[in-house]
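Given next are the chains, with one letter for each unit.
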Amino acid sequence: MQNHWIVDLTFEEDESRTTCTASLSGFSAPGAQGTGTARRNPSDEADTAIGEELAAARACHDLAHQLVGRANTGIESHTHNPSHIPL
């Protein structure tokens, strides 16, 4: 069996903040979505790439935590024992 999930990163930006949403899609992908934000210090020079990279990393990290949480719940429902999967 082969499965394929796609992570879609969407960005919104203003003068001091970049927000990213990381969404999963694919045939059997769970409906999970993570968010991350990067804020620019007012004294720093504006650099869109840095804000996007940091916001994307935080959104993917949030998404990863949600997936681990779902996996823990699935394990517990099968084993009827507490589960803790470290990230």
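Heads up: the structure comes first, above all this text.
What this report covers is the structure whose coordinates are included nearby. (Residues numbered from 1 in each chain as written. Predicted model: local features only at pLDDT ≥ 70, side-chain atom pairs only at ≥ 80, totals over all residues. Heavy atoms only, no water.)

## Some details on the pairing of strand 3 (residues 33–39)
Where burial is concerned, the two faces of strand 3 differ: the one with Gly34, Gly36 and Ala38 is buried and the one with Gln33, Thr35, Thr37 and Arg39 is not. Relative to strand 3, strand 2 (residues 17–25) runs antiparallel, the two sharing 7 bridges. Residue pairing in the sheet places Ser23 in a bridge with Gln33 of strand 3. (Buried < 20%, exposed > 50% of the residue type's maximum accessible area, 1.4 Å probe, protein only. Helix = DSSP H or I, 4+ residues; strand = E, 2+ residues; numbered from the N terminus. Pairing = 2+ DSSP bridges.)

## A closer look at a nonpolar patch on the surface
A cluster of nonpolar side chains, namely Val7, Leu9 and Phe11, defines an oily patch on the protein surface of about 220 Å² accessible area. Along the chain, Val7 falls in strand 1 (residues 6–13). (Patch = residues over 30% accessible without salt bridge, like charges linked within 9 Å, V, L, I, M, F, W, Y side chains within 5 Å. Areas by Shrake-Rupley, 256 points an atom, 1.4 Å probe, with all protein chains shown as cover. Salt bridge = Lys/Arg side-chain N within 4 Å of Asp/Glu carboxyl O.)

## Points about the sheet that holds strand 3
Strand order in the open sheet formed by 3 strands is 1-2-3, with antiparallel pairing between adjacent strands. Of all strands in the sheet, those bounded by a partner on one side alone are strand 1 and strand 3. Strand-to-strand, the axes of this sheet are offset by a mean angle of 20 degrees, without reference to chain direction. With respect to the sheet, helix 1 (residues 48–79) is in contact with strand 1, strand 2 and strand 3, its orientation differing from that of strand 3 by roughly 145 degrees. (Axes fitted to C-alpha atoms, helices over the stretch in contact; angles between N-to-C directions. Contact = heavy atoms within 4.5 Å.)

## Let's talk about unusual backbone geometry
Positive phi values are uncommon outside glycine, yet His80 reaches one of about 60 degrees. Mapped onto the fold, His80 is located in the segment after helix 1. Overall, His80 belongs to the exposed group, its relative accessible area being 67%.

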